[in-house]
Amino acid sequence: MKYNRAEALRYMGAEKDDAAAGVLADTVYLKLRNEVQARHILKRSSCRVTETGVELDGGVTLQSKDLARHLQGCSQVLLLAATLGSRVDIAVRRLALTSVAEGAAAQAVAAALIESYCDEVQSRAETGGLAQRPRFSPGYGDWALEEQQKLFGMLDCGRKIGLTLTDGMMMAPTKSVTAVIGLAADAVCAWNKCMNCGNINCPFREE
Amino acid sequence: MEFKNLLGKELLFFDGAMGTMLQAQGLQPGELPELWNFSHGDVIRKVHEAYLAAGANIIKTNTFGANRLKFAGTDVKTEAVIQEAVKLAKAACAGREKAFVALDLGPTGKLLAPYGDLPFEEAVNIYAEIVRSGCKAGADLILIETMSDTYEAKAALLAAKENSDLPVIVTMTFDENGKLLTGGDAAAAALMLEGLEADAIGCNCGLGPAQMLKILPKLRSYTSLPLVFNPNAGLPVERDGKTCFDVGPEEFASLMYELVSQGASIAGGCCGTTPQHIEAMTAKCQALPAGGGRQCKLTAVSSYGKVVEIGRDPVIIGERINPTGKPRLKEALQQGDLDYVCRLGLEQVSAGAHILDVNVGAAGVDEPAMAAKAVLALQAVTDTPLQIDTSNYAAMEKALRLYNGRPLLNSVSGKAESLEKVLPLAKKYGAVLVALTLDDDGIGATAAERIAVAEKIIGKAADYGIDSKNIIVDPLALTISTGSDNAKAALAIIGEMRRRDVLTVMGVSNISFGLPGRDAVNGAFFAMALQAGLSCGIINPQSKVMMDVYHGYRALSGLDAGCKEYVEKYASAPKTAAFVLSEMNLYDAIVRGLAGESARAAQEALKTEAPLDVINKYMIPALDFVGDGFEKKTMFLPQLLMSADAAKSAFEVIREAVGGSGGSDGEVIIIATVQGDIHDIGKNIVKVLLENYGYRVIDLGKDVPPEQIVRAAVEYKAKLVGLSALMTTTVSAMEATIRELRQTSACKILVGGAVLTEEYAAAIGADGYAPNAVSAVNYANRIFAR
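One structure accompanies this document, and this report is about it. (Residues numbered from 1 in each chain as written. Chains lettered and ligands numbered in written order. Predicted model: local features only at pLDDT ≥ 70, side-chain atom pairs only at ≥ 80, totals over all residues. Heavy atoms only, no water.)

## A word on the environment of Lys179 of chain B
Checked against the element boundaries, Lys179 of chain B lands in the loop between β5 (168-172) and α8 (186-195). Through-space distance from the C-alpha of Lys179 of chain B to that of Leu612 of chain B is 51 Å; in sequence the pair is 433 residues apart. When neighbours within four sequence positions are excluded, Lys179 of chain B is seen to be in contact with Gln37 and Arg39 of chain A together with Thr173, Phe174, Gly184 and Asp185 of chain B. (Helix = DSSP H or I, 4+ residues; strand = E, 2+ residues; numbered from the N terminus. Contact = heavy atoms within 4.5 Å.)

Next up, the structure:
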């Protein structure tokens, strides 16, 4: 899995050319890489986009106007769940105990790793010749975190990749992603994942 | 014929998949299959009957996901589901020979704390409810299956053992590398499950039979228990949005024949297998014997992910987590500062410890509660196995129970009370047990007297069913300053134990108690003990002399082939200790974020200035400078954090210098990540910064219920409480916490977290909002008028 240092630095809140932060990120990456146990589930479903949400196979409806807008023109979707595994959480905690700088860097590096991993999984995905839209996850825009449960139900995340949900709808292990990826005949999509999100105060927002 | 009498003696067959069969009958994705026990009872019974007709001896009840978490918010009663399922299975078995009903327990669907939010004892309770219902309904055995976390498997197995007398089989789900989804491995899982007295263990799901063939040898070498294999019909393949399994009945049968030939005692199937698969398998394997009756001679302890074998190669047990004579650790324990305890552990692991001794008994410490917390905290940051070291039986049981693996327990002695209290605990929790060679008459002066005590303990342990291979004898090193033959006696016992194939462990450094220059004696004694056959040395792995002896001994005794590890260790070591004359003062070292330099500079400064002056003249101004730069955006988060680390290392030097009480007299601030939230990096950064400014931070951790925060606020008469929440879903917990705090405490409440804003913070009733760690410190400084 590719280690994207620039992305890690962005998550760390560092400047692009911060050499010390770069060394920190690299050091931490070397400590994390052997703890990564990346796994994923990818499932294709047909979809019917309505005003307020998206209907999937098996009668499941995802409720979100923003998601519906994002999936305009898509006939199918890929449902994705991916995780770096719980050993990464243990390692991040271990690093944070002896150095908050390494702990925070480890958070950032792991976040960059799970994003790269999702990109790689998507690039290998069987799409039946259709083009992929950017990932859209619960918590983006008006898509409520509670909707995670529907994705977990459809993908059987616990049994297949050891990914679980807490009562507060957070994913455990924490370095994990669930997402819906629209599939459409045309690849045109004006928005990247950040611009599609209503949280304009997000510190990681990319213009 | 009872199941238990057949297990391991006669080859038995499990059934195949239930889910696959129900999907073929119209079960929808997302629909709970366990509810079909009521709505489609006839379908379920027919599936059972089809498998029995195909030659299966054991059928799994349709209860894989039947637990109270799954049915929460519905009017479905877990007990009713279980009873109906067992009833259907029993009806299918009625009138058949050698047909058994296995009460099926699957994963809860939750990750256990601290990485998820399900507490260990709650998991035990969830499984206990299922076990009681299943027993009442008349199941013949219990199957705990598809476990991808050793900790959850332990919870289920304890529940099964504590609530029934039925035989229990545990099967785990591994990946192709032999790893569990949670990172544990087959050997570690096997050791733990055997210790907890599972009746048979093995694997199911995840893999096909071909891949399980690669895991079988590992299980064989780490357990004597009968082995069980319930593979999928090959690895899953995604086709047109559907999961398919491609290994057909004949191929499946041939591969299962291999598994049985190599030692399986029970064979069956999981996802994708059908009655045709089971029929082909039973036809092919029928004539084979069961693979039971193996004897695994190995002595080993484990964590969730690591095995330490004892007896072949000397084992280093790190001794430093023991407050005797260590005021700084004692203070940390009294204040509940588990981070310090964990750091002591991690330092020893990087110095070479294979196992960590954990002793948390000190004046003013609730030892059972602290033992539980320390075990949880340590196993959350390291997979190094732990040695639970206490003479407090309540603490012993708590720690053994919560330990995620096969523990080493220090200790039992020949005293009547100790034997009576400790042996049952060691048996129940599968501990490898340290036996102190003393009894109610005290410590024998001669080797012969102490050997007699060892014999007594081994004999008593056998009465409880504890194998002598799991007893490790401590000859007791008495200081040579009070008796010049004391070393000789200990060495004689070690030698005699080696002749008898009994393992030994010893706290080495006690030999020099009362002498000056203890290292010289300790090092020589350690070498002599290793040569005599000592299996485990309880030492300080951060002592250069002791580790030099260890590495030298291994190279000399042929344990380090080609002196490879020795060369690796010493070839790159500096010829003489690097002599750094640092020009940098503490202020600069902190601003530049250099932790090592800061510690050195602090030491230097303390030679001429009072500790408080060092803090006020260098540390605080440096931290202010960096914090200011961060707010003005001339410095960024990584620099801020590196400076925080540097200041922390300087602070630790100052604390040591003033005898460990550096942090206890500052103003108290309580911080916590609110209930439901498991993200704590932001809170941890705030904690370190506040501590650097001299505040005494009571860190309640993450996922903290409101009442616990209120209790702490009252107990410490806190003027400031800091709360963190990451997600919209947990801000409501933050609001509830604030509401409850307002009723009992006049404290100021500061909040922070990704989704919060100034307005949002005000709306939920907080006094202040901190968008980052520096502003949290500034807020605290205002409140305490600094």
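Here the narrative resumes.
## Observations concerning the pairing of strand β3 (residues 100-105) of chain B
Residues and elements named next belong to chain B. For β3, the buried fraction is high: six of the six residues fall into the buried class. The alternating pattern of β3 places Phe100, Ala102 and Asp104 and Val101, Leu103 and Leu105 on opposite faces, both of which are buried. Where strand β2 (residues 58-60) lies against β3, three bridges are found, and the strand directions are parallel. Residue pairing across strands places Ile59 opposite Val101, the latter belonging to β3. Regarding the hand of the β-α-β motif, the stretch spanning β2, helix α5 (residues 78-93) and β3 is right-handed. The pairing of β3 with strand β4 (residues 141-147) spans four bridges and is classified as parallel. Bridging from a neighbouring strand, Leu103 pairs with Ile142 of β4. Handedness of the crossover is the feature at issue here: the chain leaves β3, passes through helix α6 (residues 120-137), returns alongside β4, and the resulting connection is right-handed. (Buried < 20%, exposed > 50% of the residue type's maximum accessible area, 1.4 Å probe, protein only. Pairing = 2+ DSSP bridges. Right-handed = clockwise from strand over helix to strand, strands pointing away.)

## A few points about the packing of aromatic side chains
Within the structure shown, the criterion is met by eight aromatic pairs over all chains. Where Tyr566 of chain B meets Tyr570 of chain B, the ring centres are 4.6 Å apart and the plane angle is 35°; that geometry is what we call tilted. Here the residue Tyr566 of chain B and the residue Tyr570 of chain B both occupy positions in helix α21 (residues 564-570), the gap between them amounting to four residues, near one helical turn. In this structure Tyr566 of chain B comes out as partly exposed when scored by relative accessible area, which is 32%. Measuring from centroid to centroid gives 5.4 Å for Tyr695 of chain B and Phe784 of chain B, while their planes differ by 45°, and the two rings are tilted. Here Phe784 of chain B lies in the segment after α30 (773-783) and Tyr695 of chain B lies in the loop between α26 (681-692) and β24 (696-699), a separation of 89 residues in the sequence. Looking at Tyr695 of chain B, the relative accessible area reads 3%, which means it is buried. Following the ring pairs from residue to residue traces out a cluster consisting of Phe136, Tyr140 and Trp143 of chain A. The ring of Tyr11 of chain A is capped by Arg10 of chain A, whose NZ or CZ atom sits 5.2 Å from the centre of that ring. Directly above the ring of Tyr257 of chain B sits Lys284 of chain B, whose terminal nitrogen or CZ lies 5.7 Å from the centroid. (Phe/Tyr/Trp six-rings, centres within 6.5 Å; stacked < 30°, edge-to-face > 60°. Lys NZ or Arg CZ within 6 Å of the ring centre and 35° of its normal.)

## Some points on the interface of chain A and chain B
On the chain B side, the residues contacting the 47 residues of chain A number 52 residues. Taking both sides of the interface into account, the surface hidden between chain A and chain B amounts to around 4200 Å²; carbon and sulfur atoms contribute 62%. On the chain A side of the contact with chain B, Leu97, Arg159 and Met170 of chain A bury the most area, a combined 17% of that side's loss. Where chain A touches chain B, the interface holds 17 residue pairs in polar contact (both at pLDDT 80 or more). (Buried area = accessible area lost by both parts, 1.4 Å probe. Polar contact = N/O pair within 3.5 Å; in protein donor to acceptor, adjacent residues only side chain to side chain.)

## Looking at the pairing of strand β25 (residues 720-724) of chain B
Residue and element names in this part refer to chain B. Counted residue by residue, β25 has five buried out of five residues, so it is predominantly covered. Here strand β23 (residues 668-673) runs beside β25; their pairing, made up of five bridges, is parallel. If you follow Ile671 over to β25, its bridge partner there is Gly722.

## Re the nonpolar core
Ile142, Ile144, Val170, Met172, Leu193, Phe229 and Leu409 of chain B are the most contacted members of the largest nonpolar core, which totals 151 residues. Residue contacts for Ile142 of chain B: discarding those within four places in its chain leaves Leu103, Leu105, Val131, Ala160, Ser164, Leu166, Pro167, Val168 and Ile169 of chain B. The next biggest cluster of nonpolar side chains, apart from the first, holds 90 residues, and it includes Cys118 of chain A together with Ile654, Ile669 and Val686 of chain B. (Core = buried A, V, L, I, M, F, W, Y, C linked by side-chain atoms within 4.5 Å.)

## With respect to a negative patch on the surface
On the surface, Glu417, Glu420, Asp440 and Asp441 of chain B cluster together to form a negatively charged patch. On the secondary structure map, Glu417 of chain B appears in helix α16 (residues 416-429). (Patch = residues over 30% accessible without salt bridge, like charges linked within 9 Å, V, L, I, M, F, W, Y side chains within 5 Å. Areas by Shrake-Rupley, 256 points an atom, 1.4 Å probe, with all protein chains shown as cover. Salt bridge = Lys/Arg side-chain N within 4 Å of Asp/Glu carboxyl O. Lys, Arg positive; Asp, Glu negative; His and termini not counted. Charge placed at Lys NZ, Arg CZ, Asp CG, Glu CD.)

## Quick word on helix α27 (residues 706-715) of chain B
Residue pairs three or four apart in sequence face the same way in an α-helix, which turns once every 3.6 residues. All names here are of chain B. Looking at α27, one finds that the buried residues are Pro706, Ile709, Val710, Ala712 and Ala713. For α27, the angular spread of buried residues about the axis comes to 165°, placing them on one side. Every exposed residue of α27 that faces more than 90 degrees away from the buried side is listed here: Arg711 and Glu715. Buried-residue contacts for α27 involve β23, β25 and α28 (728-744). Positive backbone phi, at 45°, marks Lys717, one or two positions downstream of α27. (Arc of directions from axis to C-beta.)

## As for the packing of helix α12 (residues 327-334) of chain B against helix α13 (residues 338-351) of chain B
Residues and elements named next belong to chain B. Running from amino to carboxyl end, α12 crosses α13 at an angle of 135°, the nearest separation of the two axes being 8 Å. By the angle class used here, α12 and α13 are oblique. Of the residues in α13, those in contact with Arg328, Leu329, Ala332 and Leu333 of α12 are Tyr340, Val341 and Leu344. Partitioned by chemical class, the residues of the contact of α12 with α13 number six nonpolar, no polar and one charged. (Axes fitted to C-alpha atoms, helices over the stretch in contact; angles between N-to-C directions. Parallel < 35°, antiparallel > 145°, perpendicular 65-115°, else oblique. Nonpolar A, V, L, I, M, F, W, Y, C, P; charged D, E, K, R; others polar.)

## Things to note about the sheet that holds β23 of chain B
Hydrogen bonds between backbone atoms are what pair the strands of a sheet, whose relative direction is either parallel or antiparallel. Residue and element names in this part refer to chain B. Sheet architecture is open: five strands sit in the order β24-β23-β25-β26-β27, paired in parallel fashion. For this open sheet the edge positions go to β24 and β27 (768-769), each flanked by a neighbour on one side alone. When β25 meets strand β26 (residues 748-752), the two strands line up parallel, connected through five bridges. Paired with Gly722 across the strands is Leu750, a residue of β26.

## So, α30 of chain B
Residue and element names in this part refer to chain B. Extensive coverage of α30 is indicated by the burial of eight of its eleven residues. Buried residues of α30: Ala773, Val774, Ser775, Ala776, Val777, Tyr779, Ala780 and Asn781, and no others. Sitting at the head of α30, Asn772 places a side-chain oxygen 3.1 Å from the backbone nitrogen of Val774. Looking at the residues trailing α30, positive phi occurs at Ala785, about 50°.

## Concerning the pattern of salt bridges
What the rule picks out here adds up to 51 salt bridges over all chains. The shortest N-O distance in the salt bridge between Lys60 of chain B and Asp15 of chain B comes to 2.9 Å. On the criterion of sequence distance, the pair formed by Lys60 of chain B in strand β2 and Asp15 of chain B in the loop between β1 (12-13) and α2 (19-24) is long-range, its members being 45 residues apart. Overlapping salt bridges bring together Glu35, Arg87 and Arg94 of chain A together with Lys306 and Asp383 of chain B as one network.

## Looking at the sheet that holds strand β2 (residues 53-56) of chain A
Residues and elements named next belong to chain A. The six strands are arranged β3-β2-β1-β4-β8-β5 in an open sheet whose pairing can be described as antiparallel. The open sheet has two edge strands with one neighbour each: β3 (61-63) and β5 (131-136). Across the sheet, the axes of successive neighbouring strands diverge by a mean angle of 35°, strand direction being ignored. Strand direction decides the pairing type here: strand β1 (residues 39-49) and β2, joined by three bridges, are antiparallel. Following the sheet pairing, Arg48 is matched in β2 by Glu55. Contacts from helix α5 (residues 100-123) reach β1, β4 (76-83), β5 and β8 (176-184), with the element oriented near 140° to β4. Seen against the sheet, helix α6 (residues 148-155) touches β1, β2, β3, β4 and β8 and runs at an angle of roughly 90° to β4.

## Observations concerning the packing of helix α10 (residues 249-261) of chain B against helix α11 (residues 275-285) of chain B
Residue and element names in this part refer to chain B. Two elements in contact, α10 and α11, have axes whose closest approach is 8 Å; the angle formed by their N-to-C orientations is 45°. Our classification of the angle between α10 and α11 gives oblique. Once α10 is placed against α11, the crossing between them reads as right-handed. Here Pro249, Glu250, Phe252, Ala253, Ser254, Met256, Tyr257 and Val260 of α10 lie close against α11, whose contacting residues are Gln276, His277, Ala280, Met281, Lys284 and Cys285. Its residues assigned to classes, the contact of α10 with α11 shows nine nonpolar, three polar and two charged. (Left-handed = near helix turned anticlockwise from the far one by under 90°.)

The values are spatial; any link to function lies outside them.
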